[in-house]
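If you want the building blocks of each chain, they are given just below.
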Amino acid sequence: MIKVGLLVDSLKVPVWINELVESLQKDQRFTIELIIINDAIKPRKSLKDQFNTVGYRFLRTVDKKIMSVKNHPFIRVTLKNSTQNIIQVQPIRKRYSDWFSAESIAEIKKFEPDILLRFGFRILRGDILTTAKYGIISLHHGDTDLFRGGPPAFWEVVKKEPVTAVTLQKLTENLDGGLVLNKAFLKTDATSFYRNQVKLYWAGKELLLSTLQVIAEAGIESFFLNKQNASFQKIYTAPLYKNPDNIRSVFIFFSWLLQSVKRKCVDFFFPLRWQIIYGAANENGFEKSLFRYKTLTPAKNTEWADPFLIKKDEKYILFFEEKHFNKSEAHISFIELNSRGEVMNKKPVVALQEKYHLSYPYVFLYNEEYYMIPESASVNEVWLYKAVSFPAEWVKVKRLLENTKVYDSTLYFHNETWYLFGNSKSDNKLSSDAYLHIYYTNDLLNDSFQPHPLNPVYRDARHARPAGKITEKNGYITRPAQISAPCYGYGISIRHILKLSKTEFEEVEMDTIKPLWNKKINGIHTLNMDESFVVADVLVKRFRWS
């Protein structure tokens, strides 16, 4: 049983903290041993300080009013108390830091907490950092290698950073330079400071809760020892960020407003649409110059994405997601290519259609039968389909996963085991681009899939989400992954898997594909190949009335 103490400013806490605490209370491996409340008298800000931040506060207020958010993490609710052990502490306040008196330290030590979770107080200094056996765990809503200080998730938008990170650390006397336990990297929401912050706080909740669960599984002493042995503190050369003054806030506001108007105009006149490109492949690989590829352009108000290619006889069947913009859901269609790459049917044929959205048609041959695993995250299930008349008729044969959203399911058979890669999220408030999960089974058709113990193996929008089939050639296992920052479907990271087993996963990036060869192209996010062709999808600007 891990004894936990909470450091809070009040029993009224933001809802993201309350949800996290409720999850811990339901987990029998943890006990909330005590709650330490900040009883400091908070001084009122001077008129000068209030005046110096009026521009920043106006900017944030306008942003929050204009940009809608469904799930606000900052709504305050009363913490459901599972313990009667409440300690009120008046810290010794020194400039920006809080120190605990010897009496307060002694009172906290009576409960012998293993860890303290910091959700309140200011910068903590002194003996309180070592009062709990394994110290204080705290979230820093930013990447401590690049953005120390604050405000959270703000400067990443101003500086147009592709990703915004949240860091989980064990606090030390080194401000924002504690022992890093874990990080999560999300695509920066360039449209709104508030939206970016909201996403980051929900991601922080998941990061902290998941890490605590890993601590319970691994053993708390072993976990912290391993982290300490593997720690490496980078040199920090960036500034210590703080709230912008009034002049800087005015410039930021008008720049943000101008970018928002520009973005709306471009989106209206030149909406982005997915279409397919393809080139030649051979035993040595594929054509590396993407500007040489041929283009398959869908009709107006239609887009084609997620192309998968499979050979049958002397023909190549190209499956893809087809979305008509006068319909709410997409379906799976196909066209046929001959051995010279000529399109044999210019009008796509519908292969699979459901009442819900389908995409990413992972098609494969197994035991001389054709199977497909399309994405169906909207219904919280993953289904295996079998062709009864290839390529146009399919039936469901097995539910692979249920009660979970899985995006872009990608199957790979390795060392007598089937592995299913896909992005999943434990909460609807989380990003669909950042959390890579792996599931495995020995028997695809008869056994259930089990979650990998390292799940989520990534919390990183830059290389988590699958982008096509995993292939093996010349001893290299290659996994294409989506680069979902600075925008969804921006590029592809070509990764080589070094370790893959029921207990291990390790890979490295070997190359990247970015949409730089044509100014009309804004993204590329799926890559697949067969023995003769390689196919991909690209996100292009199309004039609305073309």
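Because the structure is a prediction, the values reported are computed rather than measured.

Student: Explain the layout of surface pockets here, please?
Tutor: Over the atoms, a rolled probe matching the size of one water molecule traces out where space is still vacant. As a volume, the second largest pocket reaches approximately 1400 Å³. For the second largest pocket, the lining is made up of 34 residues, of which Ala190, Gln259, Arg263, Pro486 and Cys487 are closest to its centre. Counting residues per element, the ones that place at least two in the lining of the second largest pocket are helix H5 (155–158), helix H6 (193–218), helix H8 (246–269), strand E15 (272–282), strand E35 (521–529) and strand E36 (533–541). Sort the elements by how many residues they give to the lining of the second largest pocket and H8 lands first, with 8 residues. Split by residue class, the lining of the second largest pocket holds 19 nonpolar, 5 polar and 10 charged.

Student: What am I meant to see in unusual backbone geometry here?
Tutor: It is generally the case that most residues other than glycine have a negative phi and that most peptide bonds are trans. Here the residue pair phenylalanine 390 and proline 391 is connected by a cis peptide bond, since its omega of 5 degrees sits within 30 degrees of zero. Positive phi values are uncommon outside glycine, yet glutamate 112 reaches one of about 50 degrees. Relative to the elements of secondary structure, glutamate 112 occurs in the loop between helix H4 (102–109) and strand E8 (115–118). Phi angles above zero are rare outside glycine, and alanine 153 is one such case at about 60 degrees. With respect to the element layout, alanine 153 can be found in the loop between strand E11 (148–149) and H5. Given the relative accessible area of 1%, alanine 153 is considered buried.

Student: I keep staring at the pairing of strand E28 (residues 435–441) and nothing clicks. Help me out?
Tutor: Regular strands place their side chains on alternate faces of the sheet. With 7 of its 7 residues buried, E28 lies for the most part within the structure. Both faces of E28 are covered, namely the face carrying Tyr435, His437, Tyr439 and Thr441 and the face carrying Leu436, Ile438 and Tyr440. Taken together, the 6 bridges between strand E27 (residues 417–424) and E28 define a ladder with antiparallel strand orientation. Bridge pairing in E28 links asparagine 423 to leucine 436. Note: E28 against strand E29 (residues 450–451), 2 bridges, orientation antiparallel. Paired with tyrosine 439 across the bridge in E29 is proline 451.

Student: Sorry, what's going on with the packing of aromatic side chains here?
Tutor: Any aromatic ring pair is given by two values, namely how distant the centres are and how the planes are angled relative to each other. Going through the model one piece at a time under the given rule, you end up with 36 aromatic pairs. Where tyrosine 366 meets tyrosine 371, the ring centres are 6.3 Å apart and the plane angle is 50 degrees; that geometry is what we call tilted. Through pairs of rings, three or more aromatic residues link up here, namely Tyr56, Phe58, Phe147, Phe154, Trp155, Phe193, Tyr241, Phe253, Phe254 and Trp256. Across from the ring centre of phenylalanine 325, 4.0 Å away, lies the NZ or CZ of arginine 273, which sits over that ring.

Student: Teacher, can you tell me more about the environment of alanine 165 here?
Tutor: One can find alanine 165 in strand E12 (residues 163–170). Placed 19 residues apart in sequence, alanine 165 and alanine 184 show a C-alpha to C-alpha distance of 5.5 Å. Setting aside residues up to four positions removed in sequence, alanine 165 forms contacts with His141, Gly142, Asp143, Ala184, Phe185 and Leu200.

Student: I would appreciate a short explanation of the packing of H6 against helix H7 (residues 220–230) in the present structure.
Tutor: Two quantities define a packed helix pair, namely the angle between the axes and the distance from one axis to the other. Remark: H6 packs on H7, axes separated minimally by 6 Å, with the N-to-C direction vectors making an angle of 110 degrees. Judged by the angle between their axes, H6 and H7 are roughly perpendicular. Here H6 contributes Thr211, Val214, Ile215 and Ala218 to the contact with H7, which in turn contributes Ile220, Ser222, Phe223 and Phe224. Each residue belonging to the contact of H6 with H7 can be placed in one class, and the counts come to 6 nonpolar, 2 polar and no charged.

Student: Please clarify how the sheet that holds strand E3 (residues 30–38) should be interpreted in this entry.
Tutor: Each strand in a sheet pairs with another by means of backbone hydrogen bonds, the pair being arranged parallel or else antiparallel. Strand order in the open sheet formed by 7 strands is E5-E3-E1-E8-E10-E12-E13, and the pairing between neighbours is mixed. The open sheet has two free edges, formed respectively by strand E5 (86–89) and strand E13 (179–187), since each of these has just one partner strand. The average angle at which neighbouring strand axes cross in this sheet is 20 degrees, direction not considered. Note: strand E10 (residues 136–140) against E12, 4 bridges, orientation antiparallel. Residue pairing across strands places serine 138 opposite glutamine 169, the latter belonging to E12. Sitting on the sheet, helix H1 (residues 15–26) is in contact with strand E1 (2–8), E3, E8 and E10, with an inclination near 150 degrees to E3.

The rules we used
Residues numbered from 1 in each chain as written. Predicted model: local features only at pLDDT ≥ 70, side-chain atom pairs only at ≥ 80, totals over all residues. Heavy atoms only, no water. 1 Å grid on protein atoms, 1.4 Å probe; cavity = no way out; pocket = protein on both sides within 12 Å on 5 of 7 lines; lining within 4 Å. Points joined across faces, edges and corners; volume = space filled by probe spheres on them. Helix = DSSP H or I, 4+ residues; strand = E, 2+ residues; numbered from the N terminus. Nonpolar A, V, L, I, M, F, W, Y, C, P; charged D, E, K, R; others polar. Buried < 20%, exposed > 50% of the residue type's maximum accessible area, 1.4 Å probe, protein only. Pairing = 2+ DSSP bridges. Phe/Tyr/Trp six-rings, centres within 6.5 Å; stacked < 30°, edge-to-face > 60°. Lys NZ or Arg CZ within 6 Å of the ring centre and 35° of its normal. Contact = heavy atoms within 4.5 Å. Axes fitted to C-alpha atoms, helices over the stretch in contact; angles between N-to-C directions. Parallel < 35°, antiparallel > 145°, perpendicular 65-115°, else oblique.

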